[in-house]
Amino acid sequence: MPEGDTLFRTAAGLRPYLVGRTVTAARASGPGPVPQVARIIGRRITAVESLGKNLLIRFDNGLEIRTHLRMNGSWHRYRPGERWRRPPGRARLVIEVKGAVAVCFDAPVVELLEVRAEALHPALGRLGPDLLAPGFDPREAIRRLRDPSRAAVPIGEALLDQRALAGIGNVYKNETLWIERISPFAAVGVLDDASLERLVATARRLMLVNADRTHRVERVTTGGSRTASG
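## So, the side chain of H68
Secondary-structure assignment places H68 in strand 4 (residues 63-68). Classification of H68 by relative accessible area gives buried; the value is 12%. Here the side chain of H68 touches R70 through a polar contact of 3.3 Å, landing on its backbone nitrogen.

Written as structure tokens, this is what we have:
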């Protein structure tokens, strides 16, 4: 499953081609926003952002599209008329603007919602602090990890709980615990605050290193994307 830094880079790769442009065509397939996706046609894209493991595309009419890629999903960017690298039948969502076509393949979660409803959304509204957010609050992350309901939970499991802190997956969980020499099976309640603070800081540092990699994206995917330095 793509982790927070992958979604961060995906959003950064799509942003120059989508933000500020008007949607000229849009279509979706499978469960989700199929009947409603026409509501974004003719609307200007105002933001493309990552939030934990979610990618959000916002529009000037107060709507946003949320995708969660889980294990197999990916975002690609093509020039108009260019042949896609995956079969069209696997496209869950297609957004066309002048000069670019953004295609989300195989994502199990594609939904259209109002931006103002984020706080009430069953997934977005419960997310913990995003490790890659400029205003990340480590104290809030520690507070959530310290919730009594997590006292007996193994720290390896707690770090993956997006309600405590958003963005960590198995790769960063394993690397963080290894660097800090903390067993993934240690219960949260037996760890002192200094240990939790180190874990949170190390996870954020590792993710920022990868999220801040600078490159010019030719194809935006969750893996194996063709890139050119620049």
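## Describing the environment of L132
Positionally, L132 belongs in the loop between strand 8 (109-114) and helix 2 (138-145). Sequence separation of L132 and F8 is 124 residues, and the distance between their C-alpha atoms is 7.9 Å. Not counting residues within four places of it along the chain, the set of residues in contact with L132 comprises G4, D5, F8, R204, M207, L208 and A211.

## Observations regarding the side chain of R66
Here R66 shows up in strand 4. Polar side-chain contacts of R66 include one of 2.8 Å to the side chain of N54. A polar atom in the side chain of R66 sits 2.5 Å from the side chain of E111. Each residue touching R66, except ones within four places of it in the same chain, is listed here: N54, L55, L56, V109, V110, E111, L113, H121, A123 and L124.

## Section: unusual backbone geometry
One can expect most non-glycine residues to show negative phi and most peptide bonds to be in trans. Of note in this structure, D106 is not a glycine but carries a positive phi near 60 degrees. By secondary structure assignment, the location of D106 is in the loop between strand 7 (100-105) and strand 8. Judged by its relative accessible area of 22%, D106 is partly exposed. Positive phi, normally seen in glycine, also occurs at R181, with a value near 55 degrees. Within the element layout of this structure, R181 appears in the loop between helix 4 (170-180) and helix 5 (193-211). Judged by its relative accessible area of 61%, R181 falls in the exposed class.

## A closer look at the sheet that holds strand 4
Reading across from one edge, 2-3-4-8 is the order of the four strands in this open sheet, with antiparallel pairing throughout. Sheet topology places strand 2 (45-51) and strand 8 at the edges, where each strand pairs with a single neighbour. The mean inter-strand angle of the sheet, taken between neighbouring strand axes irrespective of direction, is 20 degrees. Note: strand 3 (residues 54-59) against strand 4, five bridges, orientation antiparallel. Across the sheet, the residue bridging to L56 is R66, located in strand 4.

## Remarks on the environment of N170
You can see N170 is positioned in helix 4. C-alpha separation for the pair N170 and L159, spaced 11 residues apart in sequence, amounts to 9.0 Å.

## Topic: the confidence of the model for the protein
For the protein, per-residue confidence averages 88 on the pLDDT scale, and residues scoring 70 or more make up 90% of the total. Confidence, expressed as mean pLDDT per element, reaches its minimum in the protein at strand 10 (residues 227-228) with 28 and its maximum at helix 3 (residues 155-158) with 97. Note on residues 214-230: pLDDT under 50 across the span, and 39 contacts to partners over four residues away in sequence or across chains.

## Considerations on the nonpolar core
Counting residues in hydrophobic clusters, the biggest one holds 27 residues, and the most contacted among them are I40, I45, I57, I65, W75, L93 and I95. Elements that contribute at least two residues to this core include exactly helix 1 (4-18), strand 1 (23-28), strand 2, strand 3, strand 4, strand 6 (91-97), strand 7 and strand 8. Ranked by residues supplied to this core, first place goes to helix 1 with four residues. L131, F136, A141 and M207 belong to the second largest nonpolar core, which has 26 residues in total.

## Here we look at helix 2
Note that an α-helix has 3.6 residues per turn; residues three or four places apart therefore point the same way. Within helix 2 the residues assigned to the buried category are A141, I142 and L145. Down the axis, helix 2 shows its buried residues gathered within 100 degrees of arc, on one side only. Seen from the buried face of helix 2, the exposed residues on the opposite side, beyond 90 degrees, are R139 and R143. The inward-facing, buried residues of helix 2 abut helix 3 and helix 5. Taking the backbone nitrogen of R139 as reference, a side-chain oxygen 3.0 Å away marks D137 as the first, capping residue of helix 2.

Definitions and limits used
- Residues numbered from 1 in each chain as written.
- Predicted model: local features only at pLDDT ≥ 70, side-chain atom pairs only at ≥ 80, totals over all residues.
- Heavy atoms only, no water.
- Helix = DSSP H or I, 4+ residues; strand = E, 2+ residues; numbered from the N terminus.
- Buried < 20%, exposed > 50% of the residue type's maximum accessible area, 1.4 Å probe, protein only.
- Polar contact = N/O pair within 3.5 Å; in protein donor to acceptor, adjacent residues only side chain to side chain.
- Contact = heavy atoms within 4.5 Å.
- Pairing = 2+ DSSP bridges.
- Axes fitted to C-alpha atoms, helices over the stretch in contact; angles between N-to-C directions.
- pLDDT = per-residue confidence, 0-100.
- Core = buried A, V, L, I, M, F, W, Y, C linked by side-chain atoms within 4.5 Å.
- Arc of directions from axis to C-beta.

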